[in-house]
Amino acid sequence: ADDDHPFTIAVDLDGTIVNRAGQITDRTRQAIAALKERGIGVALASGRPYFSARSIIKDLNIREPSLFFAGALIVDPVNGVALRSRPLQFNEVRRLYQIGRVHGLATELYSSKDFWVEEFGELPRLHVEHYLTEAPRIAPFDQLQNGDEILKVGFTVRAGSEQEKVARNLSTQFPDLKFGVGYGA
């Protein structure tokens with residue numbers, strides 16, 4: 001690109017902007033500053049929820065529309081307004097959390113501003129401690145209404161467990177949905 005054709009680069013948060021210790025290194029800050037000095041916009045693209053990235057957005061002065069929930073939500077970080085969202089179908093959400101219950105999966109439901117768990121056990125606590133900035137709302141998922149816009153269903157499981165096998169096999173039951181696996185904590 002030249003000065004007449006600026007562009008934006010989208011970068012992942014975990015393992016790219018934020019290291020394993022949950023910090024942004026000086027080297028990363030310098031690289032982002034160098035991009036901006038060249039007129040290149042910097043956006044975020046993450047599977048994380050927007051609310052867990054707000055402090056990073058502020059810290060790095062991210063001004064370009066950014067993607068969260070693996071693209072299910074696009075936010076203008078300057079004013080925090082959702083530019084586009086693609087919620088899951090309510091019947092899919094219901095089926096997913098019911099599978100979570102049957103198989104003992106620590107299940108998390110996310111909207112653009114909140115997330116819910118039915119029980120705030122050990123695995124969701126670790127998830128909050130390492131990646132999220134806010135505690136979940138604790139409520140029975142059956143209380144969700146058809147109008148609640150759920151953008152992501154997350155299952156927190158231990159590596160190598162039976163629950164991990166169940167979570168990994170969901171793509172065969174839901175071929176129209178995208179599934180990802182995150183590692184850490």
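One can find the structure itself at the top, above this paragraph.
Residues numbered from 1 in each chain as written. Predicted model: local features only at pLDDT ≥ 70, side-chain atom pairs only at ≥ 80, totals over all residues. Heavy atoms only, no water.

1. Some remarks on the pairing of strand S1 (residues 8-11)
Move 1: Sheet topology places S1 next to strand S2 (residues 41-44); 4 bridges connect them, and they run parallel. Paired with Thr-8 across the strands is Gly-41, a residue of S2.
Move 2: As a crossover connection, the stretch from S1 through helix H1 (residues 26-37) into S2 is right-handed. (Pairing = 2+ DSSP bridges. Helix = DSSP H or I, 4+ residues; strand = E, 2+ residues; numbered from the N terminus. Right-handed = clockwise from strand over helix to strand, strands pointing away.)

2. Looking at the packing of aromatic side chains
Move 1: Considering all chains together, one arrives at 5 aromatic pairs under this definition.
Move 2: Ring geometry for Phe-51 and Phe-115: centres 5.8 Å apart, planes at 15 degrees, overall stacked. Taken together, the residues Phe-51 in the loop between S2 and helix H2 (54-60) and Phe-115 in strand S7 (residues 115-117) connect sequence positions 64 residues apart. In terms of burial, Phe-51 and Phe-115 fall into one category: buried.
Move 3: Judged by centre distance (5.1 Å) and plane angle (10 degrees), the ring pair of Tyr-110 and Phe-115 falls under stacked. Neither Tyr-110 nor Phe-115 differs from the other in exposure class; each is buried.
Move 4: Across the ring face of Tyr-110, the terminal group of Lys-152 is positioned such that the distance to the ring centre comes to 5.6 Å. (Phe/Tyr/Trp six-rings, centres within 6.5 Å; stacked < 30°, edge-to-face > 60°. Buried < 20%, exposed > 50% of the residue type's maximum accessible area, 1.4 Å probe, protein only. Lys NZ or Arg CZ within 6 Å of the ring centre and 35° of its normal.)

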